[in-house]
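Observations on the three-dimensional arrangement
Below are the chains, spelled out letter by letter.
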Amino acid sequence: MIDSPRVCVHVQSIYVESQSTPDEERFVFAYTVTIRNLGRMPVQLLGRYWLITNGNGREIEVQGEGVVGEQPHIEPGEEYQYTSGAVIETPLGTMQGHYEMVDTDGNAFRIAIPVFRLAVPTLIH
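Residues numbered from 1 in each chain as written. Predicted model: local features only at pLDDT ≥ 70, side-chain atom pairs only at ≥ 80, totals over all residues. Heavy atoms only, no water.

Taking an unreviewed UniProt entry as the reference, the chain is identified by name as Protein ApaG belonging to Silvania hatchlandensis.

Have a look at this one:
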């Protein structure tokens, strides 16, 4: 029986007011992702898939190799962190998706990225 990889994903997003132009329906968000390998085997992140939904329900799908130009190897007990960004047309939206990963034995697996909010702070009460 294969020990299934245990990988934890945590995301924190912030509104980037200095790059946003609300009058032009341009809201810029940065998000920092921390990927922790809680398993006993090294893993590698090969690809990503994002579903970005704005406040009007418009969806954009983004997929590609790696993250921020890297396909990181994450050793057991280690973590990998990166920051990226998203631009949407509304002050509120969501992102979710998954990472395509592989362990050192070549077994491919997906790790879900839970839904997180993209929100201008003045909107949250």
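From this point, the discussion proceeds with the structure in view.
Description of the sheet that holds strand β1 (residues 7–15)
Sheet architecture is open: three strands sit in the order β1-β2-β6, paired in antiparallel fashion. At either margin of the open sheet sits one strand with a lone partner, and together these are β1 and β6 (79–88). The mean angle between the axes of side-by-side strands here comes to 20°, regardless of whether they run parallel or antiparallel. For β1 and strand β2 (residues 27–37), the ladder comprises nine bridges, and the chain directions are antiparallel. If you follow valine 9 over to β2, its bridge partner there is isoleucine 35. (Pairing = 2+ DSSP bridges. Helix = DSSP H or I, 4+ residues; strand = E, 2+ residues; numbered from the N terminus. Axes fitted to C-alpha atoms, helices over the stretch in contact; angles between N-to-C directions.)

Section: the pairing of strand β7 (residues 92–103)
Where strand β3 (residues 43–54) lies against β7, 11 bridges are found, and the strand directions are antiparallel. Bridging from a neighbouring strand, glutamine 44 pairs with valine 102 of β7. Both β7 and strand β8 (residues 108–119) contribute to a ladder of 10 bridges, which runs antiparallel. Following the sheet pairing, glutamate 100 is matched in β8 by arginine 110. Counting the residues between successive antiparallel strands, the hairpin from β7 to β8 contains four residues, one of them, glycine 106, with a positive phi of roughly 90°.

Considerations on the nonpolar core
In globular proteins that are soluble, nonpolar side chains generally tend to be buried together. Ranked by internal contacts, the top residues of the largest apolar core, which has 28 residues, are Tyr31, Ile35, Trp50, Tyr82, Tyr99 and Met101. Looking at this core, the elements that each hand over two or more residues are β1, β2, β3, β6, β7 and β8. (Core = buried A, V, L, I, M, F, W, Y, C linked by side-chain atoms within 4.5 Å. Buried < 20%, exposed > 50% of the residue type's maximum accessible area, 1.4 Å probe, protein only.)

A short note on the side chain of threonine 90
For threonine 90, the location among the structural elements is in the loop between β6 and β7. Within the structure, the side chain of threonine 90 is placed 2.7 Å from the backbone nitrogen of glycine 55, a separation counted as a polar contact. Only 2.8 Å separates the side chain of threonine 90 from the backbone oxygen of leucine 92, close enough to count as a polar contact. If sequence neighbours within four positions are ignored, threonine 90 has contacts with Phe27, Phe29, Asn54, Gly55 and Asn56. (Polar contact = N/O pair within 3.5 Å; in protein donor to acceptor, adjacent residues only side chain to side chain. Contact = heavy atoms within 4.5 Å.)

Section: the pattern of salt bridges
The full count for this structure, using the stated rule, is three salt bridges. In this structure, arginine 58 engages glutamate 89 in a salt bridge whose closest nitrogen and oxygen atoms are separated by 2.5 Å. Residue arginine 58 is located in the loop between β3 and β4 (59–65), and its partner glutamate 89 is located in the loop between β6 and β7; the two are separated by 31 residues in the primary sequence. Of the charged contacts in the structure, one is a salt bridge between glutamate 100 and arginine 110, with a shortest N-O distance of 2.7 Å. One end of the pair, glutamate 100, is in strand β7; the other, arginine 110, is in strand β8, and 10 residues separate them in sequence. (Salt bridge = Lys/Arg side-chain N within 4 Å of Asp/Glu carboxyl O.)

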